Amino acid sequence: MPVKSCIIIHQSPVIQNGLNSILQSLKVEVRGILPICPDSKIIRAWVEFIVFVDVKYQDIIQEHLRYLKREKSIIIGLDFSESPLVNTTHFDEVIFKSDNQGDILSKIKRHLSSIEAGSSNKISSREREILKLVASGNSNKQIAAKLFISIHTVITHRKNITMKLGVKSISGLTLYAIINNIVD
């Protein structure tokens, strides 16, 4: 399961502390609380799954959107202004001033669920292909023949898959592949 971590970017200590409290209750590690949006060097160093950012920094975030999406970051806008921002299309979610704690929890939990469900993304496309064949009941020899690779390469890929997923048995790998829609 991936590590759930985030960064909060907002000037208000009340919002920082409130969001930090909610995230702690959800067992999400807050790796940083920043009052202003940092420069591009810091943004490029982020490996967090969730970035909570004041919507007034949308122009800065938009500049780095491609990078953050490539890193599979989820960007949640924080709009606590009197008149909400109209264009929120580049945020995965927006938390508004009018949202109550239940709404905020629901929005955050939805994205935490997608992180957990998306843990199959941490294996390469070739490993997904091999996992699909393993889950379909193919032996190492059959997989090697179907993919035109050596049996040793198949064994190496399977070793990497079990290490990354923390699943050792064929039945566990099959169950994982079914749950994550890798096989039907």
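Computed from a predicted structure; not experimentally measured. (Residues numbered from 1 in each chain as written. Predicted model: local features only at pLDDT ≥ 70, side-chain atom pairs only at ≥ 80, totals over all residues. Heavy atoms only, no water.)

Caption draft 1: Inspection of helix 1 (residues 13-25) at higher detail. Counted at 1.5 Å a residue, the expected span for helix 1 with its 13 residues is 18 Å, and the 18 Å between its end C-alpha atoms agrees. Those residues of helix 1 that fall on the buried side of the exposure criterion are Ile15, Gln16, Leu19, Asn20, Ile22 and Leu23. For helix 1, the angular spread of the buried residues around the axis is 165 degrees, confining them to a single face. Facing away from the buried side of helix 1 by more than 90 degrees, the exposed set consists of Pro13, Val14, Gln24 and Ser25. (Helix = DSSP H or I, 4+ residues; strand = E, 2+ residues; numbered from the N terminus. Expected span 1.5 Å × (residues − 1). Buried < 20%, exposed > 50% of the residue type's maximum accessible area, 1.4 Å probe, protein only. Arc of directions from axis to C-beta.)

Caption draft 2: Local environment of helix 7 (residues 140-147). Listed in full, the buried residues belonging to helix 7 are Ile143, Ala144 and Leu147. One side of helix 7 carries all its buried residues, which in axial view fall inside an arc of 100 degrees. Turned more than 90 degrees away from the buried face of helix 7 sit Lys141 and Ala145, all of them exposed. The secondary structure elements touched by the buried residues of helix 7 are helix 6 (125-135) and helix 8 (151-165). Remark: Phe148 follows helix 7 within two positions and exhibits a positive phi of approximately 55 degrees. (Contact = heavy atoms within 4.5 Å.)

Caption draft 3: Representation of the pairing of strand 3 (residues 50-54) within the structure. Of all five residues in strand 3, five are buried, a share of seventy percent or more. The side-chain alternation of strand 3 yields two buried faces, one formed by Ile50, Phe52 and Asp54 and the other by Val51 and Val53. Strand direction decides the pairing type here: strand 1 (residues 5-9) and strand 3, joined by four bridges, are parallel. Its bridge partner lying in strand 3, Ile8 is registered against Phe52. (Pairing = 2+ DSSP bridges.)

Caption draft 4: Representation of the pattern of salt bridges in the model. Throughout the structure, instances matching the rule amount to six salt bridges. The closest approach of N and O atoms between Glu129 and Arg126, which form a salt bridge, is 2.9 Å. Of this pair, Glu129 and Arg126 both sit in helix 6, three residues apart, which is roughly one turn of that helix. The class for Arg126 is partly exposed, based on a relative accessible area of 28%. Between Glu127 and Lys164 there is a salt bridge, and its shortest N-O distance comes to 2.9 Å. In this pair, Glu127 sits in helix 6 while Lys164 sits in helix 8, placing the two residues 37 residues apart along the sequence. A relative accessible area of 4% means that Glu127 is categorised as buried. (Salt bridge = Lys/Arg side-chain N within 4 Å of Asp/Glu carboxyl O.)

Everything listed here is a matter of geometry and, on its own, says nothing about what the molecule does.
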